[in-house]
Amino acid sequence: MEQKRIEGLWDCVFCGSRAIRARFATCPNCGKSRGIDTVFYLPEDTGEAALTEEQAAKTTDRPDWLCGYCDSYNRSDAAFCKKCGAPRSHSNEDYGTLHKDRD
Ligand SMILES: [Zn+2]
Ligand SMILES: [Zn+2]
């Protein structure tokens, strides 16, 4: 029996994996435990909560963006920071860019 319960999601700040389901206390990608300050959010499209592991892995290919105000990683489709609400336009660099340039 499938329950219509929306599961919270969280993002791994270590490897950038996104939309990790709340049932996982550690990142399925890099194995790090989520921090105590992990921010949970609900998927905008509730269908996303029902993604398979394979589909969930694919969603991690989408680039994140880093909030310039609170240093939170946000989903590529988020127009505002999930943590502090700052508009995305203030953050010009996405996650991939930040990590590529970091040497
Ligand atoms: Zn991770
Ligand atoms: Zn922010």
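J.: Help me understand the overall build of the chain, please; the structure alone is not making it clear to me.
T.: In terms of regular secondary structure, the chain is built from two helices and four strands. Helices (α) and strands (β) of the chain occur, in sequence order from the N terminus, as β-β-α-β-β-α. When burial is assessed residue by residue, the chain has 35% of its 103 residues classed as buried. In the chain, the share of contacts with a sequence separation of at least 24, taken over all contacts with a separation of at least 6, comes to 38%.

J.: Would you take a moment to explain unusual backbone geometry for this structure?
T.: With the exception of glycine, most residues fall at negative phi, and the peptide bonds are largely trans. Positive phi, normally seen in glycine, also occurs at Ala19, with a value near 55 degrees. For Ala19, the position within the fold is in the loop between β1 (9-10) and β2 (20-21). For Ala19, a relative accessible area of 8% corresponds to the buried category. In this model, Asp71 sits at a positive phi of 60 degrees, which is unusual for a non-glycine residue.

J.: Just to check I follow, could you spell out the coordination of the zinc ion (ligand 1) for this structure?
T.: Tetrahedral coordination by four donors sets the ideal angle at the metal to 109.5 degrees; octahedral coordination by six donors sets it to 90 or 180 degrees. For the zinc ion (ligand 1), every protein donor is listed as Cys12 (SG), Cys15 (SG), Cys27 (SG) and Cys30 (SG), and the spread of their distances is 2.2 to 2.3 Å. Coordination at the zinc ion (ligand 1) comes from four donor atoms whose angles at the metal span 103 to 114 degrees, giving a geometry best classed as tetrahedral. Looking at Cys27, the relative accessible area reads 2%, which means it is buried.

J.: How do you make sense of the coordination of the zinc ion (ligand 2) when you look at a structure like this?
T.: Those donors, Cys67 (SG), Cys70 (SG), Cys81 (SG) and Cys84 (SG), are the protein atoms that reach the zinc ion (ligand 2), and they lie 2.2 to 2.3 Å from it. Given four donor atoms and angles of 103 to 115 degrees at the metal, the environment of the zinc ion (ligand 2) is assigned as tetrahedral.

J.: Whenever I open this one, the pattern of salt bridges confuses me. Can you help?
T.: Two side chains of opposite charge can pair, provided their charged atoms sit close to one another. Considering all chains together, one arrives at three salt bridges under this definition. Linking Asp77 and Arg75 is a salt bridge whose minimum nitrogen-to-oxygen distance equals 3.3 Å.

J.: Explain the side chain of Arg18 to me, please; I cannot follow it from the model alone.
T.: Examined against the element boundaries, Arg18 turns out to sit in the loop between β1 and β2. Residue Arg18 is classed as buried on the basis of its relative accessible area of 6%. In this structure the side chain of Arg18 is engaged in a polar contact, spanning 2.5 Å, whose partner is the backbone oxygen of Gly16.

J.: Please clarify how the environment of Asp71 should be interpreted in this entry.
T.: Structurally, the position occupied by Asp71 is in the loop between β3 (65-66) and β4 (73-74). Considering only alpha carbons, one finds Asp71 and Lys83, twelve residues apart in sequence, at a separation of 9.2 Å.

J.: Even after reading the chapter, I still don't get the layout of surface pockets, so can you show me in this structure?
T.: Empty space left among the atoms is revealed by rolling a probe the size of a water molecule over them. For the second largest pocket, the calculated volume is near 260 Å³. Two domains each donate at least three residues to the lining of the second largest pocket, and these are domain 1 (1-61) and domain 2 (62-103).

J.: Would you take a moment to explain the nonpolar core for this structure?
T.: Nonpolar side chains tend to gather and get buried jointly when the protein is soluble and globular. Among the nonpolar cores identified, the biggest contains five residues, and these are Trp65, Cys67, Ala78, Cys81 and Ala86. In this structure Ala78 touches Trp65 and Arg88, once residues within four positions along its chain are discounted.

Conventions adopted
Residues numbered from 1 in each chain as written. Chains lettered and ligands numbered in written order. Predicted model: local features only at pLDDT ≥ 70, side-chain atom pairs only at ≥ 80, totals over all residues. Heavy atoms only, no water. Helix = DSSP H or I, 4+ residues; strand = E, 2+ residues; numbered from the N terminus. Buried < 20%, exposed > 50% of the residue type's maximum accessible area, 1.4 Å probe, protein only. Contact = heavy atoms within 4.5 Å. Donors = N, O, S within 2.8 Å, 3.2 Å for Na, K, Ca; no water. Tetrahedral: all angles 85-135°; square planar, octahedral: opposite > 155°, others 65-115°. Salt bridge = Lys/Arg side-chain N within 4 Å of Asp/Glu carboxyl O. Polar contact = N/O pair within 3.5 Å; in protein donor to acceptor, adjacent residues only side chain to side chain. 1 Å grid on protein atoms, 1.4 Å probe; cavity = no way out; pocket = protein on both sides within 12 Å on 5 of 7 lines; lining within 4 Å. Points joined across faces, edges and corners; volume = space filled by probe spheres on them. Domains from an automatic or database assignment. Core = buried A, V, L, I, M, F, W, Y, C linked by side-chain atoms within 4.5 Å.

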